[in-house]
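# A closer look at the structure
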Amino acid sequence: MPAPGWAAQTPTATVQATINDVLYLLTELKETSRAGQRQWEIEQVVRRAFHYQDMAERALGEAGAQATAADRRQFIRLFVQVLRDDLTDRLRDYSAAQVVYLAEREEADGVQVLIAPAGPAIDTRMAFHLIAQNGSWLVDDVSIDGTSIVASYHLQFSRILREGSFLDLMEYLKLKAPVA
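Being a predicted model, the structure only gives us computed values, none of them experimental.

### Notes on the overall build of the chain
Per the secondary structure count, the chain includes 7 helices and 5 strands. N-terminal to C-terminal, the α/β element order of the chain is α-α-α-α-α-β-β-β-β-β-α-α. For 180 residues, the compact-globule formula gives about 16 Å, and the C-alpha radius of gyration of the chain, at 16 Å, lands near that figure. The dimensions of the chain, computed from C-alpha atoms along their principal axes, are 45 × 45 × 35 Å.

Given below as structure tokens:
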């Protein structure tokens, strides 16, 4: 089990603890037979380190206002799983030693922590936007090479809703983040 580093005091320490926890789980639970446990453990990291409910609401946009409370809860549950899998996919090929923490800068609505994971085949930049809430820092968005994941999700979800229904969006999310 990863150490409960999520209670770190600074935004950079929060991001570092979150990434280290995910990388630890990817290493320790890499066997196919442990896929379900790995997913569950990484989902717990996402639930404690991310402001996932707000992220889900922003990604869903106006369609969330028309959804029932039960549908919104189901959407948020599936959104956390998609977020979990996206984070896992982004970090799968790295080790903690390959992640360089470049900068921490204050913004009007929070703090941005810029990191550069550098692997054998891919070099990228990730910017974690964090907000202070109840005495701790929560990740409110992640930009990968300048593209916000919340904005990307919003575009995908809006297209699905324009061409189909809320049920179609829920089916898409279930397919995108299957539970092992």
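### Some words on the sheet that holds strand β4 (residues 136–144)
Taken in spatial order, the 5 strands of this open sheet run β1-β2-β3-β4-β5, and their pairing is antiparallel. Each edge of the open sheet carries a strand with a single partner, namely β1 (99–107) and β5 (147–148). Sheet analysis places β1 next to strand β2 (residues 110–117), joined by 8 bridges and oriented antiparallel. Along β2, the bridge assignment pairs V99 with P117.

### Examining the packing of aromatic side chains
Taken as a whole, this structure holds 5 aromatic pairs when the rule is applied. Linked through ring pairs, F75, F79, Y153, F157 and F166 together constitute an aromatic cluster. The ring of Y52 has R47 lying over it, and the distance from NZ or CZ to the ring centre is 5.3 Å.

### Focus on helix α3 (residues 52–60)
Three or more residues of α3 are buried, namely Y52, M55, A56, A59 and L60. Looking straight down α3, one finds its buried side chains confined to an arc of 130°; they lie on one side. Looking at the packing, one finds that the buried side of α3 touches α2 (35–49), α4 (63–66), α5 (69–91), β4, α6 (149–163) and α7 (166–176). Positive phi appears at G61, one or two residues downstream of α3, with a value of about 70°.

### A look at the packing of α3 against α6
Interhelical geometry of α3 versus α6 gives an angle of 45° and a closest axis separation of 7 Å. As judged from the angle between their axes, α3 and α6 are oblique. Counted together, M55, R58, A59 and L60 of α3 and I149, V150, Y153, H154, F157 and L161 of α6 form the full contact between these two elements.

Rules used throughout
Along every chain, residues carry numbers that run from 1 in the direction the sequence is written. This being a predicted model, a pLDDT of at least 70 is required before a residue's local features are given, and a value of 80 or more before pairs of side-chain atoms are given or counted; all residues contribute to the totals for chains, interfaces and linings. The side-chain quantities take in all heavy atoms of the structure and omit both hydrogens and water. In this text, helices come from DSSP runs of H or I with a minimum length of four residues, and strands from runs of E with a minimum of two, each type numbered from the N-terminal end. Within these notes, the globule rule equals 2.2 Å times the number of residues to the 0.38 power, and the radius of gyration is based on C-alpha atoms. Strands were regarded as paired on the criterion that DSSP finds at least two bridges between them. Note on aromatic pairs: the rings of Phe, Tyr and Trp (six-membered ring only in Trp) are paired at centre separations within 6.5 Å, and the planes decide the class, stacked below 30 degrees, edge-to-face beyond 60, tilted for the rest. Each ring is checked for a lysine NZ or an arginine CZ that lies within 6 Å of its centre and within 35 degrees of its normal; such an atom marks a charge sitting over the ring. Each residue's exposure class comes from its accessible area (1.4 Å probe, protein chains only) as a fraction of the maximum for that residue type: buried when under 20%, exposed when over 50%, partly exposed otherwise. By definition, the arc is the one covered by directions from the helix axis to the C-beta atoms. Every residue pair with non-hydrogen atoms within 4.5 Å of one another is taken to be in contact. All axes here are fitted lines through C-alpha atoms, helices being fitted over the stretch that makes contact, and every angle between N-to-C directions spans 0 to 180 degrees. Relative orientations are named as follows: roughly parallel for angles under 35 degrees, roughly antiparallel for angles over 145 degrees, roughly perpendicular for angles from 65 to 115 degrees, and oblique for any other angle.

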